[in-house]
Amino acid sequence: VSGDKTDKTIVYDPYYCTGRAAIHLDGVFQRHKSKKIMPSTIRIQHEKRDFYSDIQQKCVPKYDILITNPPYSGNHKERCLEFAINQLKNH
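Residues numbered from 1 in each chain as written. Predicted model: local features only at pLDDT ≥ 70, side-chain atom pairs only at ≥ 80, totals over all residues. Heavy atoms only, no water.

J.: Help me get a handle on the side chain of histidine 46, residues and values and all.
T.: One can find histidine 46 in the loop between β2 (42-45) and α2 (51-56). Of the residues examined, histidine 46 reaches a relative accessible area of 9% and is grouped as buried. In terms of polar contacts, histidine 46 uses its side chain to reach the backbone carbonyl oxygen of aspartate 13, at 2.9 Å. Contacts of histidine 46, omitting those with residues within four sequence positions, involve Asp13, Tyr15, Tyr16, Gly19, Ala21 and Ala22. (Helix = DSSP H or I, 4+ residues; strand = E, 2+ residues; numbered from the N terminus. Buried < 20%, exposed > 50% of the residue type's maximum accessible area, 1.4 Å probe, protein only. Polar contact = N/O pair within 3.5 Å; in protein donor to acceptor, adjacent residues only side chain to side chain. Contact = heavy atoms within 4.5 Å.)

The structure is reproduced here in structure tokens:
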């Protein structure tokens, strides 16, 4: 994360479900921001989108930090981990 005050750190949670994750994440980052533990400008990227379609179409939103709790059903955990590993390999 850059020390530049104009930079925003984008936190991305690709699994929308009920959408409440953005509220919880924002609360956590606001508490840490007040303690000066986190960068001053955090934006939560958490929209009702099809994560797997975004991967396939190569239009995953831009982000700095990937944080999520994928659904336990099906193979969501494996697919999310595969995505994260591929992102590390490509950067």
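Here the narrative resumes.
J.: I'd like to hear about the environment of phenylalanine 29, residue by residue, with values.
T.: Tracing the backbone through its elements, the reader meets phenylalanine 29 in helix α1 (residues 20-34). Through-space distance from the C-alpha of phenylalanine 29 to that of isoleucine 42 is 7.4 Å; in sequence the pair is 13 residues apart.

J.: I'd like to hear about the sheet that holds β2, residue by residue, with values.
T.: If you trace the three strands from one edge of the open sheet to the other, you get β2-β1-β3, paired in parallel fashion. Lying at the two open borders of the sheet, with one neighbouring strand each, are β2 and β3 (65-66). (Pairing = 2+ DSSP bridges.)

J.: Before we move on, can you summarise the layout of surface pockets with the specific residues and values?
T.: Quantified by volume, the largest pocket comes out at close to 430 Å³. In terms of lining, the largest pocket is formed by 19 residues, of which the most central are Val60, Tyr63, Phe83, Gln87 and His91. Elements that contribute at least two residues to the lining of the largest pocket include exactly α2 and α3 (76-90). Here the lining of the largest pocket is built from residues that sort into ten nonpolar, four polar and five charged. (1 Å grid on protein atoms, 1.4 Å probe; cavity = no way out; pocket = protein on both sides within 12 Å on 5 of 7 lines; lining within 4 Å. Points joined across faces, edges and corners; volume = space filled by probe spheres on them. Nonpolar A, V, L, I, M, F, W, Y, C, P; charged D, E, K, R; others polar.)

J.: Run through the pairing of strand β1 (residues 9-12), naming residues and quoting values.
T.: Neither face of β1 is exposed, since Thr9 and Val11 on one face and Ile10 and Tyr12 on the opposite face are all buried. Where β1 and β2 come together, four bridges link them in parallel fashion. Across the sheet, the residue bridging to valine 11 is isoleucine 44, located in β2. Pairing of β1 with β3, which is carried by two bridges, proceeds in the parallel orientation. Considered in β3, the bridge of valine 11 is made with isoleucine 65.

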